[in-house]
Structure formats: C-alpha cells, structure tokens
Amino acid sequence: MSTYYQPPKYPASDFPSMQPDAEALPVVVVGAGPVGMAVALGLAQRGIPVTILEAADQVSFGSRAICISRHSLEAAARLGFGAELEKIVLPWVGGRSFYRDQQVLHFRMPQREFDVRPPMINVSQSEYEQIVVDTIEQNPLITLHWQASIAGILRGDDEVTLEVDTAFGKRHLRAAWVVAADGGRSRMRELAGLRLEGTNYEGRYVIADIHWESDLPAERMVWFDPPSNPGSTIIMHKQPKNIWRIDYQLDPSEDAEIETQEDAIRARIAKHLDWLQNDLPWTLEWHGFYSARALALREFTHDRILFAGDAAHLVPIFGVRGLNSGMEDAETLAWQLAAVVHGNADAALLQAYSIERHDAWEQNVANAGKSTLIMSPGTHGYRTTRDAVLALAVGRPEFGELINPRQSSATHARLSPLTWPVAEGLTGVLPGDPVEDRRVRVVTADGSTASSLNVVRGTGFAVVGFGLDADGSAALAAAASALAAALAPESVCAAAVGGADSSVAVGGTADDGVTVLDAPDLAEALGATAGEAFVIRPDGLLLCRVPVAELSGVAAALRAGTAPEGPAVPARPAQVLTDDEQRRENVWLGLSDALDQVDPSDREGFLVRLALQLGSQAGHREFEEAIAAATDTSPVRTEELAPQA
C-alpha cells in the first residue's frame, strides 16, 4: 500500500472588500508556500497581523524541494514548527557518485559532537508545507485565504491596493506592505512589470517520486552515464515512508513532451532499478519536469512590495539551495520589516534586505553553478572536461572532489550595509557570518542544564559576552535592556560565557538578568576574546563583535539601516578548499572555457600545444606519469597514489 502523502483540500475563502476609509492592513503576503508562510510566522511573532492570499486550494503536491538544511531546521525551530517537522523527517549526512558502475566520490557533511541537528534531512515539500499551515491555523494574528489569486495591483505612496479573484467575485484589499512570495511564475512580479535576469542552463531533468520498499541507505546517490541509461545522469534520494525521489537527465535530442509521459517515465525508472537488481514492486506516485536556471531580480525591494523566495530569485537544484535560501529570505525579511512596521527603523533597513539577499543569491549561484556544470554541462568544453574528470576519478580520488555537489550551507551577509567593521586581521566568526547552533549548558542555582545556543537566544537578538567581570556583566545587561527598549517588541537575550561567577537565580539567569552559559569551547569556536560582546541577529547572522562598552551604538545603527564606518569585513570567508583542490578547480574551469573558445577544427591542436607548454615545465618522470594517468583510467592500488620519492 502506498504511503504517499495526499494533502487535504481547503474550501474557497470569502471575505469582504475593504472600504476606502478603512485602515490598510499592515502586511499582506501573496503565496502560501514555505517562504510566504515563514514570513507570516516571523511577523506574527513580533505582534504584526498578517493576511496570506493563496491561489490554490491546498499545499503543493509532490516532493519538490525535499532536502532541508541544518540552518533551515534552526529557522523552523525559531518560527515555531521545527519540533513537529523533525518528527517526520529522514536525516542523512553524505552521498556517493558513480561513473558508469564505479564509485568516484564518497562525501560526508560535517556532523560534530556539538551539533544539535543533522546536516541535512529529507521530507517532501508537501508535508513540510502542511505542518506550517497547521501551525498558522493556530496563530490568531494570521489569516490565510485559500483560492484567492491576484488579478491586479495599484501602488500608492503609502499602500498597495490588491485586486483579488475569489470564487465569490472580485475583492479589493489595501496593505501598507505586500510580500510577494508567489513562486517562480510570480503573478506579482508580472503585474509589477519586473523580469528575472541571469542564466538558463541547457540541462533538462524529469523528476519522479516512487513508493519502493528498498533497504538502500538514506544518502544522495548519483550515477553518471550508468549502464541502465547510457549518456544520462540519474540522482536518487530516499524520503520517509519508503518514498524515493528519482531525477534523470534527458538527452538534448529527446522530446520532453514524449519523455514526460507516464509510460516513458516508468520504463526509464524500471531500467535503472532492474540494473540495481531490484526484485521489489514499486509504484509511480508523482512526476514533474525541471530545467536549471540561475535568475534573479536586480532589486528585491520595490517601494511597498517586497519579493522573497522564488519570486525574487531562482537557483539550480544541484546543492539544494532553493527552499533553503528562501527560508533565509523569510527570516531576514521578517525581523527587518517588523522593525519598520513598528517604527523602530527607517525604511532604509529594507534596502539592506535587498542587498543582503541578492548577494546571498550570488553566493548560491557560484556554488550551484559549478555543480550544474558537472551535472548538466551545456557546452562542448564543459562536457569534455566533465567526462575527463569522471574517467580520472575512477582511479584518482583527488579528482572526485570536483564532482562534490557542494551541498547547501548558510550564506553570509558580509557585504550588508548593516554589517559592522572589524579590526584588520581579526579572525574567527566575523560580522555577517552565520553563527551555528551548538550544544551548551545553562548554569542554574542547582548546577547546569543541557540546552543549545539557539534555544538560549530565542527568536530575537542575542548579546553574548565573553570573559566578563562583574562590571562587564552589568554593562552587558544594561546594553541588552536598552536594545530591547529601542526594538520593542523584538526580544533581546543577554548571555555570558566564562568570566567571574555571578549569583545565579533559578532559570539560568544571574541577578542582572544575564543568562550564564557553561560553554568552554564557545569562545574558541567563535574566535572571541575576553571583554568582547557578540550581537547575533534574529536570523542567526552576526551583526557585530565589539567591546561591551561600544554596544550602545547598535540600536541607532539598526534604525538608520547602516553600520558605523570603519575597515570593511573581507568580502568572502576564508577559502574552504585546499591549495591543491583550488588548483584543480581552476584548471577545470579554465580548460573548459578555453575549449569553448577555440575553433572546433583546432581543438586537438590546442590540447597538444597546451600539453607541450605544460609538459616543458615538468620533469621527464612527472610528465611520463601524467601521460600514463591520462591514458589508463582503470583503478589503481592505494600504494600507487603515494608521492614518489
């Protein structure tokens, strides 16, 4: 019996049009997808009523975005639906890639003792969305209208009028702010006269969910040119309840209209499962079609209309950055828009949202784009080098790193106008960087209790001091109290790590209201020094790290939407690749581009000239070894990979 999730349908909502003299709604969110609903929950947490308009009569059907990152799970916890979500998910930590029938990569994402959650989980987007809908239905500040589609917009200086098609006729709503989160085919984007810009990749994929009671592990499995489907690329992911997601690439010569018919899909999947020696029955539950795109609006903020998620930007699926980057959009937009709505910040703060999240899209595209060039190389040069990398990786594991899918990780906001300067040469977690949740212990009158940094800091800002004496702890408490008053109703938590012992009250707070943490490794992990305070934003990014005495300027900087002047934070975090890995990546990218630029009739000549140039810079033995490695793509013994004396 199939366990595939069938979401419930909702009746059409009926609501009256607003009268011209009625006060405009504070915020209307267009689109009840993961991003729009997350924005609504974040605003409601901050006391702002939200109306959501959804054109459909149910949450999305099908697995769609199945891979949820650790950072998104943190966001889900902060937004109030994380605990329910984590009851139904399937965690995983790595994956394997194969060239034909030989493994060429085995990767694992970080899973450390201090981590609170797995690096990645699988769950269908349909079930994910249903949990969020159920959470929203319990929130008195959020009204969700089903079967209510946008027909027109009229923009004014202080509000936006929305014309809405419903089953009961046209309705008109007025909103001070509108969040457009209505997906990749955004009607709001169309009505606003805006277009996405960027790159459309050539690769086309059929995506399908099957019910299959296989005992294969929960890991990302990819086959390049498998014997079951020569010339294609196949991706498999296990989901909860014995549901499997299978994506496979279509050849450019194949007709998508024919290949997306159910009979064709069943035949293609059956060939692959038969090759895997499957003898278990399976059923096709859902299917779709996908082509890789890296597109975005130039600006995400357009007066009173704010774009988020796929309505603002699209990224290739490889590396699972779509829903995950959308959740980052939602958390950032929620706290910044709330500050503007409550009058605690100028509207300029929303320009920071646009700058931050557009730069985050560029970060995602930089990684997902490289993955796409491996998964769906669209030119002769990249196809040639991809196939060469795969052939070499059979026996030379170091080349397998180029195939690494670069799984989603939290983006940074180092280029944000909100990000504070730092002294040159400062190391550790810098302003704009994500601050990972990690296990900590909260000191209480009776000892300590297990917790996590995410739980301690709550849904708002956190001011964390390190190695403070009694006066420093008092200054930290005073600064946090002043920040809370300036940003009310935004919550602000004060916490201290290390330093002088304080009188601790029941509940884990000292007499001055500072939560005391027993986390001896936290200062080292963040690169903190004694007397320093870290201000963490509600979306988990570090706003600034300053001496405790300088915390008084934080509220004013947030109100103005700009940080103090000073030495800028480096634009990018330190390179995570080793020198050898970076060198191989540079060679792959450079050679691919060169092959695309050279005259097709001269490609062999170009490669010979290149080999002569490079060979003349190597010793005789090294050059002979390189020729042998390029000629023989069969597996080599481990001892043969050791450096030669």
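Quick look at the structure, then. Everything numeric in this text was worked out from a predicted model, so none of it was measured.

## Examining the packing of helix α15 (residues 579-597) against helix α16 (residues 603-615)
For step 1, the next point in the chain: Between α15 and α16, whose axes approach to 10 Å, the crossing angle comes to 140 degrees. Taken together, the axis directions place α15 and α16 in an arrangement best described as oblique. Relative to α16, α15 is oriented so that their crossing is right-handed. Contacts from Leu591, Ala594 and Leu595 in α15 reach Arg603, Phe606, Leu607 and Leu610 in α16.
For step 2, the next point in the chain: Each residue belonging to the contact of α15 with α16 can be placed in one class, and the counts come to six nonpolar, no polar and one charged.

## Here we look at the sheet that holds strand β6 (residues 102-108)
For step 1, the next point in the chain: Taken together, eight strands build an open sheet; the order of strands is β6-β5-β13-β14-β15-β12-β16-β19 and the sheet is mixed. Each end of this open sheet is capped by a strand with a single partner; those strands are β6 and β19 (313-314).
For step 2, the next point in the chain: Packed onto the sheet, helix α7 (residues 262-275) meets β12 (197-212), β13 (220-224), β14 (233-239), β15 (243-250) and β16 (282-296) and runs at close to 100 degrees relative to β16.

## Structural notes on the sheet that holds strand β4 (residues 90-92)
For step 1, the next point in the chain: Here we have three strands laid out as an open sheet, ordered β3-β7-β4, and antiparallel in their pairing. With partners counted over all chains shown, the strands left at the sheet margins are β3 (67-69) and β4, one partner each. If you compare each strand with its neighbour and ignore which way they point, the axes differ by 35 degrees on average.
For step 2, the next point in the chain: As defined by bridge partners, β4 adjoins strand β7 (residues 120-122) across three bridges and the pair is classed as antiparallel. Of the residues in β7, the one forming a bridge with Pro91 is Ile121.
For step 3, the next point in the chain: The strands touched by helix α2 (residues 70-79) within the sheet are β3 and β7, with β3 carrying the most contacts at an inclination of about 75 degrees.

## Remarks on the pairing of β13
For step 1, the next point in the chain: In terms of burial, β13 is a largely internal element, five of the five residues being buried.
For step 2, the next point in the chain: Burial along β13 is two-sided: Arg220, Val222 and Phe224 and Met221 and Trp223, pointing in opposite directions, are all buried.
For step 3, the next point in the chain: Note that strand β5 (residues 94-99) and β13 share five bridges and pair parallel. Across the sheet, the residue bridging to Ser97 is Val222, located in β13.
For step 4, the next point in the chain: With four bridges connecting them, β13 and β14 associate as antiparallel partners. Residue pairing in the sheet places Met221 in a bridge with Met236 of β14.

## Considerations on the pairing of β14
Along a regular strand, successive side chains alternate from one face of the sheet to the other.
For step 1, the next point in the chain: Counted residue by residue, β14 has seven buried out of seven residues, so it is predominantly covered.
For step 2, the next point in the chain: Residue alternation in β14 divides its side chains into two sets, Thr233, Ile235, His237 and Gln239 and Ile234, Met236 and Lys238, and both sets are buried.
For step 3, the next point in the chain: Bridging between β14 and β15 involves six bridges; their strand directions are antiparallel. Note that in β15 the partner of His237 across the bridge is Arg245.
For step 4, the next point in the chain: Turn length for the β14-β15 hairpin, with the two strands adjacent in sequence and antiparallel, is three residues, and the turn residue Lys241 shows positive phi of about 65 degrees.

Rules behind the numbers
Residues numbered from 1 in each chain as written. Predicted model: local features only at pLDDT ≥ 70, side-chain atom pairs only at ≥ 80, totals over all residues. Heavy atoms only, no water. Axes fitted to C-alpha atoms, helices over the stretch in contact; angles between N-to-C directions. Helix = DSSP H or I, 4+ residues; strand = E, 2+ residues; numbered from the N terminus. Parallel < 35°, antiparallel > 145°, perpendicular 65-115°, else oblique. Left-handed = near helix turned anticlockwise from the far one by under 90°. Contact = heavy atoms within 4.5 Å. Nonpolar A, V, L, I, M, F, W, Y, C, P; charged D, E, K, R; others polar. Pairing = 2+ DSSP bridges. Buried < 20%, exposed > 50% of the residue type's maximum accessible area, 1.4 Å probe, protein only.

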